[in-house]
Amino acid sequence: MKEIIAEIRDYCENAFREAKRSHNWDHTERVYKLCMHIGKIENADLEVLAIAAFLHDIGRAAQDMAKGKVCHAEVGAAIAEDILNKYDIAKEKKDNIIHSVLCHRYRNSHEPATIEAKVLFDADKLDAIGAVGIARDFLFAGEIGAMLHNPHADPYDTIPYTKDDTGYREYVVKLSKIHEKMLTKEGRRMAEGRHAFMKEFFERFVREHEGEL
């Protein structure tokens with residue numbers, strides 16, 4: 001199984017060479033490390049988790065090209081199935097990997113049903129909050145040509161992938177709520193500290209943007 005994991009890892013690393021920086025191989029590696037940390041504590045299948053972590057964003061390019069109109073988790077699950085069919089992996093493990101990829105996204109209707117899917121969900125979300133999450137937030141805003149902040153736009157009435165899809169908007173509509181969505185005990189513990197740091201940052205960000213500090 002180690003050889004299969006290594007081959008899939010290498011395949012995915014190569015696939016992300018031209019990826020957007022906010023969702024590139026660095027993100028995948030961090031999610032993998034978080035999966036290994038949380039997975040050990042939650043007694044998850046680390047082989048399933050390793051492969052799922054490497055594959056979880058394999059469909060991301062399709063979502064970026066469609067400007068958010070397709071779900072990268074759904075596309076990724078289909079791609080993952082094609083990749084996994086090339087290897088001699090037990091059906092139960094294969095199905096779990098595909099399920100984990102399908103269910104890892106914050107914005108879709110697929111609910112994680114296995115501990116591995118829950119760990120991957122939490123790991124992916126943890127990388128979206130805290131110090132790294134803030135950095136990725138503004139990196140993504142820059143990738144789509146968004147403003148730093150638009151105090152005149154309603155965050156809940158703004159079209160994604162536009163200039164008004166700012167880092168602050170993403171914090172308001174998504175990142176500020178992530179800590180409440182965590183599915184594992186360790187994920188919840190880690191999310192609280194990252195959330196507290198991020199909340200303090202954005203509160204100061206708004207004050208500085210208004211010239212109050």
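The coordinates are above.
Residues numbered from 1 in each chain as written. Predicted model: local features only at pLDDT ≥ 70, side-chain atom pairs only at ≥ 80, totals over all residues. Heavy atoms only, no water.

1. Observations concerning the packing of helix H6 (residues 91–102) against helix H7 (residues 115–126)
In contact at an axis separation of 9 Å, H6 and H7 are set at 35° when each is read in the N-to-C sense. In this structure, H6 meets H7 at a crossing whose hand is right-handed. Every residue of H7 that contacts H6 at Asn96, His99, Ser100 and Val101 is listed here: Glu116, Ala117 and Leu120. Among the residues forming the contact of H6 with H7, the class breakdown is three nonpolar, three polar and one charged. (Axes fitted to C-alpha atoms, helices over the stretch in contact; angles between N-to-C directions. Helix = DSSP H or I, 4+ residues; strand = E, 2+ residues; numbered from the N terminus. Left-handed = near helix turned anticlockwise from the far one by under 90°. Contact = heavy atoms within 4.5 Å. Nonpolar A, V, L, I, M, F, W, Y, C, P; charged D, E, K, R; others polar.)

2. What to know about the packing of aromatic side chains
Enumeration according to the criterion identifies 13 aromatic pairs in this entry. Between phenylalanine 16 and tryptophan 25, the aromatic rings sit 6.4 Å apart at their centres with planes inclined by 45°, giving tilted as the arrangement. Judged by relative accessible area, phenylalanine 16 falls into the buried class, the value being 6%. Classification of tryptophan 25 as buried rests on a relative accessible area of 8%. Here the aromatic rings of phenylalanine 138 and phenylalanine 205 are separated by 5.6 Å at their centres, their planes lie at 50°, and the arrangement is tilted. On the criterion of sequence distance, the pair formed by phenylalanine 138 in helix H8 (residues 130–143) and phenylalanine 205 in helix H10 (residues 185–209) is long-range, its members being 67 residues apart. These aromatic residues form a ring-pair network of at least three members: Phe138, Tyr168, Tyr171, Phe201, Phe202 and Phe205. Positioned above the aromatic ring of phenylalanine 121, the side-chain terminus of lysine 125 is 4.4 Å from the ring centre. (Phe/Tyr/Trp six-rings, centres within 6.5 Å; stacked < 30°, edge-to-face > 60°. Buried < 20%, exposed > 50% of the residue type's maximum accessible area, 1.4 Å probe, protein only. Lys NZ or Arg CZ within 6 Å of the ring centre and 35° of its normal.)

3. Things to note about the nonpolar core
Counting residues in each nonpolar core, the largest one holds 49 residues, and the members touching the most others are Ile8, Cys35, Ile51, Leu55, Leu84 and Leu126. Elements that contribute at least two residues to this core include exactly helix H1 (2–15), helix H2 (25–41), helix H3 (46–55), helix H5 (72–84), H6, H7, helix H9 (167–173) and H10. Considering each element in turn, this core owes the most residues, eight residues, to H3. If we skip the residues at most four places from it in the chain, leucine 84 touches Ile8, Ile51, Leu55, Ile89, Lys94, Ile97 and Ile98. (Core = buried A, V, L, I, M, F, W, Y, C linked by side-chain atoms within 4.5 Å.)

4. A closer look at H6
Compared with the 16 Å implied by 1.5 Å per residue over twelve residues, the 16 Å span of H6 between its first and last C-alpha is a close match. For H6, the full list of buried residues reads Lys94, Asn96, Ile97, Ile98, His99, Ser100 and Val101. Each element contacted by the buried residues of H6 is listed here: H3, H5 and H7. (Expected span 1.5 Å × (residues − 1).)

5. Focus: unusual backbone geometry
Non-glycine residue asparagine 43 carries a positive phi angle of around 60°. Looking at the element boundaries, asparagine 43 is found in the loop between H2 and H3. For asparagine 43, a relative accessible area of 69% translates into the label exposed.

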